[in-house]
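# Descriptive analysis of the structure
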Amino acid sequence: MTVRIDLHTHSTASDGTLDPAELVRAAAAAGLDVVAITDHDTTDGWGPALRALPPGLRLVRGAELSCRWDGEQPPVPLHLLAYLFDPEHPALVAELTRVRAARLARGERIVDLLRADGIDVNWPQILAQAGGGTVGRPHIAQALIRAGLVATTSEAFGPDWLGERYRLPKEDIDVFRAVRLIRAAGGVAVFAHPRASRRGRIVPDELIAELAAAGLVGLEADHEDHSPAERAHVRGLAAELGLLVTGSSDFHGSHKTVQLGAFTTSVDAYEGIVAAASGVTAVASG
């Protein structure tokens, strides 16, 4: 029997459209055996997801950390998937709290810029739509869609809108510090979609080698934003550096077209992540 493992999904705790309970139920309905909840810079979805965990589904608790590499100017934004870390580790909690506060302030500044240009978007409404989750540009994109200014999230992220004209830098975590924090919290760091050139700038392989030496455990290869050639490159680099290879949907509900389980992780890679973690365990319903 094939075990289906999806290690990258988002709920309303950040910028997904399903709440954590709905997310785990949808994962079970999609035929997954293991799902990771990896909201941006928060663990707020962990408890509700655990309480709603359906029989037969195993939950990997994680987060997607907003990071930066300062080797170029402006710094290159990138994301690390952090799995099975201690959610109460003081240094990591402090850094995630700082990043979420900065993200909130940035969102409000973007809305101020839009409103200064006569664009009718409302910050309190955006906050309400986020429902207490980590606010990001996808929430502002939804406001632009509701206002009839753009048709899709992709259009909202284009250069005329949030992709360039109304884009502001984020106060992300230095990527080497992030790897150290994840390790100190007993977690496992995997580089999310490292070659996704369609998202913007990518980092050189030399940086990934340095991160591997610093404690990076894996690379996400199979992802909707990787071309077949990019996936092959990531697999080759992982083999060269002795890193695990993961695959996942990066599911966001209706904010994206990709479905749960669209890309999956091998059992061997999953077991490698679980074996390397000492923060919290993967959990099945009781």
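Throughout what follows, the structure given in this document is the object of discussion.

Calculation criteria
- Residues numbered from 1 in each chain as written.
- Predicted model: local features only at pLDDT ≥ 70, side-chain atom pairs only at ≥ 80, totals over all residues.
- Heavy atoms only, no water.
- Helix = DSSP H or I, 4+ residues; strand = E, 2+ residues; numbered from the N terminus.
- Axes fitted to C-alpha atoms, helices over the stretch in contact; angles between N-to-C directions.
- Parallel < 35°, antiparallel > 145°, perpendicular 65-115°, else oblique.
- Left-handed = near helix turned anticlockwise from the far one by under 90°.
- Contact = heavy atoms within 4.5 Å.
- Nonpolar A, V, L, I, M, F, W, Y, C, P; charged D, E, K, R; others polar.
- Salt bridge = Lys/Arg side-chain N within 4 Å of Asp/Glu carboxyl O.
- Buried < 20%, exposed > 50% of the residue type's maximum accessible area, 1.4 Å probe, protein only.
- Arc of directions from axis to C-beta.

### Observations concerning unusual backbone geometry
Of note, the bond from Gln 73 into Pro 74 is cis; its omega dihedral lies within 30 degrees of zero at -5 degrees. Relative to the elements of secondary structure, Pro 74 occurs in the loop between strand S3 (58-69) and strand S4 (76-83). At Asp 250, a position not held by glycine, the phi torsion is positive, near 55 degrees. Structurally, Asp 250 can be placed in the loop between strand S8 (244-247) and helix H10 (267-276).

### Details of the packing of helix H3 (residues 90-116) against helix H4 (residues 123-130)
The N-to-C vectors of H3 and H4 enclose an angle of 140 degrees; their axes lie 10 Å apart at closest approach. By the angle between their axes, H3 is oblique relative to H4. Viewed along their axes, H3 and H4 form a crossing whose handedness is right-handed. In this structure, H3 contributes Leu 104, Gly 107, Glu 108 and Val 111 to the contact, and H4 contributes Trp 123, Ile 126 and Leu 127. Grouping the amino acids of the contact of H3 with H4 by side-chain chemistry returns five nonpolar, one polar and one charged.

### Regarding the pattern of salt bridges
Two side chains carrying opposite charge are able to pair once their charged atoms lie near each other. Applying the stated criterion to the full structure yields 14 salt bridges. A salt bridge links Arg 201 to Glu 72; the nearest nitrogen and oxygen atoms lie 3.5 Å apart. Residue Arg 201 is found in the loop between strand S6 (188-191) and helix H8 (205-214), and its partner Glu 72 is found in the loop between S3 and S4; the two are separated by 129 residues along the sequence. Of the residues examined, Glu 72 reaches a relative accessible area of 31% and is grouped as partly exposed. Taken together, the salt bridges that share partners define one network made up of Glu 95, Arg 98, Glu 171 and Arg 177.

### Brief notes about the environment of Pro 204
In this fold, Pro 204 is placed in the loop between S6 and H8. Residue class for Pro 204 comes out partly exposed when judged on its relative accessible area of 27%. Placed 68 residues apart in sequence, Pro 204 and Gly 272 show a C-alpha to C-alpha distance of 25 Å.

### What about H10?
Residues of H10 that are buried: Ala 269, Tyr 270 and Ile 273. The buried residues of H10 occupy an angular sector of 100 degrees when projected down its axis, which confines them to one face. Relative to its buried face, H10 has exposed residues pointing more than 90 degrees away, namely Asp 268 and Ala 275. The inward-facing, buried residues of H10 abut strand S1 (5-6), strand S2 (34-40), S3, S4, S6 and S8.

### Details of H8
Buried residues of H8: Leu 207, Ile 208, Leu 211 and Ala 214, and no others. Seen along its axis, H8 keeps its buried residues to an arc of 115 degrees; they face one direction. Opposite the buried face of H8, by more than 90 degrees, sit the exposed residues Glu 206 and Ala 213. Among the structural elements, S3, S4, helix H7 (175-184), S6, strand S7 (218-222) and helix H9 (228-241) are those in contact with the buried residues of H8.

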